[in-house]
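Coordinates in review
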Amino acid sequence: MDIHEYQAKEILSGYGVPVGVGGLAYSPEQAAYRAQEIGGKSGLLKRKSILAHVVKQVVLKYVKAAKRFLEQLKNYSEKTDYTPNR
């Protein structure tokens, strides 16, 4: 599955994971504007491929944690005689 950085940030922030503020710039002038918009004098620039790799690793970490949680929940529900009220 391919996921864009803005999509990953949206997903992660929905789960309470802190994400950095940023913006896309195609020129030095746009980069300066984005930095000012964010509230800084200068911005940290990362290559898209490096950032994509980092975001992917973070997403994978949380997906694995969610899978472990769901597996534990499944195991727990199989061991108990719990029936949800409907």
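Residues numbered from 1 in each chain as written. Predicted model: local features only at pLDDT ≥ 70, side-chain atom pairs only at ≥ 80, totals over all residues. Heavy atoms only, no water.

Turning next to the overall build of the protein chain. Looking only at helices and strands, the protein chain has three helices and zero strands in total. Each helix (α) and strand (β) of the protein chain, taken in turn from the N terminus, gives the series α-α-α. The buried share among the 86 residues of the protein chain stands at 8%. A total accessible area of about 8,200 Å² is found for the protein chain, and carbon and sulfur atoms account for 57% of it. (Helix = DSSP H or I, 4+ residues; strand = E, 2+ residues; numbered from the N terminus. Buried < 20%, exposed > 50% of the residue type's maximum accessible area, 1.4 Å probe, protein only. Areas by Shrake-Rupley, 256 points an atom, 1.4 Å probe, with all protein chains shown as cover.)

What follows concerns the nonpolar core. Among the nonpolar cores identified, the biggest contains five residues, and these are Ala8, Leu12, Val17, Val55 and Val59. Looking at this core, the elements that each hand over two or more residues are α1 (5–14) and α3 (48–79). Ala8 has contacts with Ile3, Val55 and Val59, leaving out every residue within four places of it along the chain. (Core = buried A, V, L, I, M, F, W, Y, C linked by side-chain atoms within 4.5 Å. Contact = heavy atoms within 4.5 Å.)

Let's shift gears to the confidence of the model for the protein chain. Counting all residues, the mean pLDDT for the protein chain is 77, and 78% of those residues have values of 70 or more. The lowest-confidence element of the protein chain is helix α2 (residues 28–38), averaging 79 in pLDDT; the highest-confidence one is α1, averaging 84. (pLDDT = per-residue confidence, 0-100.)

This part is about the environment of Ala25. Structurally, the position occupied by Ala25 is in the loop between α1 and α2. A residue is classified by how much of its surface remains accessible, and Ala25, at 32% relative accessible area, is partly exposed. With ten residues separating them along the chain, Ala25 and Ala35 place their C-alpha atoms 9.8 Å apart. With near-sequence residues (within four places) excluded, Ala25 lies in contact with Gln30, Ala31 and Arg34.

For Tyr62, the location among the structural elements is in helix α3. Residues Tyr62 and Val17, 45 residues apart in the sequence, show an inter-C-alpha distance of 9.7 Å. Beyond its immediate stretch of four places on either side in the chain, Tyr62 contacts Leu12 and Val17.

What follows is about a nonpolar patch on the surface. A cluster of nonpolar side chains, contributed by Phe69, Leu70 and Leu73, occupies part of the molecular surface with about 310 Å² of accessible area. Relative to the helices and strands, Phe69 resides in helix α3. (Patch = residues over 30% accessible without salt bridge, like charges linked within 9 Å, V, L, I, M, F, W, Y side chains within 5 Å. Salt bridge = Lys/Arg side-chain N within 4 Å of Asp/Glu carboxyl O.)

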